[in-house]
Amino acid sequence: MEIIKTRSELRKYLENKRINHSAIGFVPTMGALHQGHISLISQSAAQNDLTVVSIFVNPRQFNDRNDFEKYPRNIDADIKLLEYSGCNVLFLPEYNDIFTKDLPVALDLDGLDAIWEGAFRPGHFKGVVDVVDALFDAVQPHKAYFGRKDFQQLLIIRKLAEQYYPTIEIVECKIVREPDGLAMSSRNARLDGEGRKAAGSINRILSECQVMAVQHATVKQVADFAMNSLQLVPGLKTEYIAVCDKNTLFSAPAEKSACGYMLLVAVWCAGVRLIDNFYLKG
Ligand code: AMP
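All of the points below concern the structure found in this document.

Calculation criteria
- Residues numbered from 1 in each chain as written.
- Predicted model: local features only at pLDDT ≥ 70, side-chain atom pairs only at ≥ 80, totals over all residues.
- Heavy atoms only, no water.
- Helix = DSSP H or I, 4+ residues; strand = E, 2+ residues; numbered from the N terminus.
- Contact = heavy atoms within 4.5 Å.
- Near = heavy atom within 4 Å.
- Polar contact = N/O pair within 3.5 Å; in protein donor to acceptor, adjacent residues only side chain to side chain.
- Areas by Shrake-Rupley, 256 points an atom, 1.4 Å probe, with all protein chains shown as cover.
- Nonpolar A, V, L, I, M, F, W, Y, C, P; charged D, E, K, R; others polar.

Turning to the environment of I98, a few remarks are in order. Positionally, I98 belongs in helix α5 (residues 95-98). I98 sits 63 residues away from Q35 along the chain, and the two C-alpha atoms are 26 Å apart. With near-sequence residues (within four places) excluded, I98 lies in contact with R7, F56, F91, P93, A134 and L135.

This is the structure:
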């Protein structure tokens, strides 16, 4: 595995590969890698000749300074894990090397950046778009892999690709979960024993919502159930619950059947903010 730290070095390395018509897959991450990240890398390795993984904790996407400072960083363990993951190139850029463009991208996001995560984390998606734009520009991959875990982010990245990088295929990857259903996340490392136990309830409650949807519950019934059940778990504090359209993320009408809508949640647990989602199948 090559470790490359500058854009210019990366460009030179990838140019040579492109001459040989290698298909390039790309997995952007913020490190503190877990099996969720590894599943994206495995998928890329299976579908491309070369897989580039980036690790960059992007300060621009943290609306909360404390969250940025406490974000887990473990580069030595990450490199060890990557050696066996199917990653060919690890790109480790510095802030000043990655943010070189003068003009920010002017994206039409159809309001996707203003609701849910966007509303509760002002500036977050602007930071995400800035960094993914810079990384796409540096890597110019054929395919880029994003987790469904960050569902709103995935929709926004699709808009970025449609408008600025139409040749990059965005590949959506399923959520990898812990045995008790908690969606894997780098932030889970910050959960203590009690908090970790409480966090396991999130997926249990979302799964119960799925059962309700199959039994023809309405959007309001599912949302109320999720809100009340999460409230009953000691140590959890719900920030939002959304039952919404899977493309626009606009709230679903309260009296409609919940089937076919997306359920999104953001929950605070022991000082750690966790997000999860579930597609309510019929
Ligand atoms: P992050 O390092 O948190 O920025 O995540 C990098 C990529 O990994 C993003 O596309 C995430 O959606 C994805 N990801 C994070 N956690 C998971 C998970 N549990 N399952 C699948 N993908 C994930």
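Unlike most non-glycine residues, W116 shows phi in positive territory, near 45°. One can find W116 in the loop between α5 and α6 (117-120).

Mapped onto the secondary structure, F225 falls in helix α10 (residues 219-232). Along the sequence, F225 and M262 sit 37 residues apart, while their C-alpha atoms lie 15 Å from each other.

On to the site of the ligand, then. H37, G147, D150, V176 and M184 are the nearest of the 16 residues found near the ligand. M30 places a polar main-chain atom, nitrogen or oxygen, 2.9 Å from an oxygen atom of the ligand. For the ligand, a nitrogen atom lies 2.9 Å from a polar atom in the backbone of V176. In isolation the ligand offers 480 Å² of accessible surface; the protein chains occlude 93% of this area. Taken together, the elements giving at least two residues each to the shell around the ligand come down to β2 (24-29), α2 (35-47) and β5 (143-147). Tallying contributions element by element places α2 first for the shell around the ligand, with three residues. Taken together, the residues that form the shell around the ligand break down as eight nonpolar, five polar and three charged.

That is the geometry; function is a separate question.
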